[in-house]
Every structure is written in C-alpha cells, then in structure tokens.
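If you want the building blocks of each chain, they are given just below.
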Amino acid sequence: IRWQHPEKGLISPADFIPLAEETRQINALGQFVFAEALQTLNDIKKHIQGEFQISINVSPVQLATVDSGIDEWYDMLAKANIPASAIVAEITEGLMVNPEELTQSRLKALVKSGMQLALDDFGTGYSSLAYIKQLPVQEIKIDRSFVMEMDSHDNDAIIIKTTINMCHDLGYDVVAEGVETAQSCEALSLMGCDYLQGYHLIRPLAF
C-alpha cells in the first residue's frame, strides 16, 4: 500500500505506517487492506484455477486494540466465500516479546481459523529460537538486508543458507525478501528457499 499525497507525491509505507500506528489509524487502514485482499482474491479466482494465497501485513497495534476489527475477519471471509487458508498474515518479530493476552489469543485464533502466520523481517530484531517456538508461525521471511548483500558478502549467503536449513528442519517454509538480481534468484533457489520476493521478479503494481 502507498500514500499518494496531494503535495508530497508518493509516500512509502516505511514513512507513514509508524504515524498510522501512533494515531491508531492503522486499525482502519488494516481493515481496508483486508477487505481489498478479499476482493482481489475473488477477482483472481475468475481467471486462475486452484489454490493460491495473498499475504497481508498485520500491525501489533491491530492485535492489541480491542476494537481494531480483526475479530470481524472471520465473518468477512465467510461472506466473501473465501477460505481462511487463502490469507497469510505477516507479523513482526516484536510480537515475540509481547505478553498481552489479547494479542496472543488473537494470534492463536487466526491460526485456528486456517490462516497462516508468517514471521516478517527475520534476523533483524528478536530472532530468538526460544521465542520463535512459542509463536504459531508456519513461514519465516528472511529480511532483505541479508538478501541484498548476499551477492557480494559471503557471510550473508552463509547466514541465509543456515537459516533455510534450520527453518526446514523445524518445519517452516522460507521466503527471501529483497531479491533484486538474477544471481540472487539462482543462488536462493539452489539453497532450497521455498519462495522469493523482490523487484527481480516483479515490482509493486497499481490496482
């Protein structure tokens, strides 16, 4: 999602999401994103057979706010005739150290409904195995800061390969973010990375 400002032009979510979280506008924004995801899924179903998923980012604020709207998602899925398994909810590592009962119960409810949880930006924050095993995630996303340097820094490539092997042994799928070169794409494929994401594959599209 991008903000087309009338004076400042296109503003990155990295710039406006923190403000949206601070003002709690992220709750309305999150509901808009979820509704758009359901509409997009139904649009795609008209052209593609078989199962597929859309990933959406979920803010810690949405999970911690009583009236954020997340609890309405299950009815929205039912009305749209879309299985919960078609949604992957991406959460940040900061939730690993969030002991709030509401947040934890909502995470468990999302998984129980059939949605998948993906741990975003892995490797940049609270990447503790003790925390990871406590979260009901099915997918780990390796942060772009490692992927974008792997072509020129052997240590980053080693970290990525080790992370992929560890995650597979633990039963997680792995997504590599920030894939911007054919070289990275090939290397990650050889390492056995399950999914790739980045400008080399496709840039953000307007809908």
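Nothing here was measured: the structure is a model prediction, and the numbers come from that model. Residue indices follow the written sequence of each chain, beginning from 1 at its first position. Per-residue local features of the predicted model are confined to residues with pLDDT of at least 70, and side-chain atom pairs are confined, for both listing and counting, to 80 or more; whole-chain, interface and lining totals are unaffected and use all residues. Only heavy atoms go into the side-chain values, all of them from the structure, while hydrogens and water stay out.

### As for the overall build of the chain
And then number 1: Only runs of H or I of at least four residues qualify as helices and only runs of E of at least two qualify as strands under DSSP, and these elements are numbered from the N terminus. For the chain, the count of helices and strands is nine helices and eight strands.
And then number 2: Computed over its C-alpha atoms, the radius of gyration of the chain comes to 17 Å, within 12% of the 17 Å expected for a compact globule of 207 residues.
And then number 3: Considering only C-alpha atoms, the chain reaches an extent of 45 × 40 × 40 Å along its principal axes.
And then number 4: Relative accessibility decides the category of a residue: with a 1.4 Å probe and only protein chains considered, values under 20% of the type maximum give buried, values over 50% give exposed, and everything between is partly exposed. Out of the 207 residues belonging to the chain, those deemed buried represent 38%.
And then number 5: Restricting the contact set of the chain to residue pairs at least 6 apart, pairs at least 24 apart contribute 62%.
And then number 6: Method for areas: the Shrake-Rupley scheme with a 1.4 Å probe, in which residue coverage is limited to the protein chains shown. Total accessible area on the chain is roughly 12000 Å²; 53% of this is exposed by carbon and sulfur atoms.
And then number 7: For the chain, the distance from the average site of its 14 positive side-chain charges to the average site of its 29 negative ones is 5 Å. Put simply, the radius of gyration uses C-alpha atoms, and a globule should come to 2.2 Å times the residue count raised to 0.38. By definition, residues are in contact when any of their heavy atoms lie within 4.5 Å. The charge count includes Lys and Arg as positive and Asp and Glu as negative, but it does not include His or the ends of the chains. The atoms used to mark charge sites are NZ of Lys, CZ of Arg, CG of Asp and CD of Glu.

### Here's the deal with the side chain of Asp 143
And then number 1: One can find Asp 143 in the loop between strand E6 (139-142) and helix H7 (144-147).
And then number 2: In the sections that follow, a salt bridge refers to a side-chain nitrogen of Lys or Arg positioned within 4 Å of a carboxyl oxygen of Asp or Glu. No salt bridge is formed by the buried Asp 143. Its closest oppositely charged neighbour is Arg 144, at 6.5 Å.
And then number 3: Within 3.5 Å is the distance limit for a polar contact, defined as a pair of N or O atoms, with the added protein rule that one can donate a hydrogen and the other accept it, and that residues adjacent in sequence qualify only through two side-chain atoms. Here the side chain of Asp 143 touches Ser 145 through a polar contact of 2.5 Å, side chain to side chain.
And then number 4: The residues touching Asp 143, leaving out its near neighbours within four places in the chain, are Asp 121, Phe 122, Thr 124 and Glu 177.

### Observations concerning the pairing of strand E4 (residues 87-91)
And then number 1: Of all five residues in E4, five are buried; the element is thus mostly enclosed.
And then number 2: Burial of E4 is two-sided: the residues Ile 87, Ala 89 and Ile 91 facing one way and the residues Val 88 and Glu 90 facing the other way are all buried.
And then number 3: Strands are labelled as partners when DSSP assigns at least two bridges between them. Pairing geometry for strand E3 (residues 54-57) and E4, over four bridges, is parallel. Paired with Ile 56 across the strands is Ala 89, a residue of E4.

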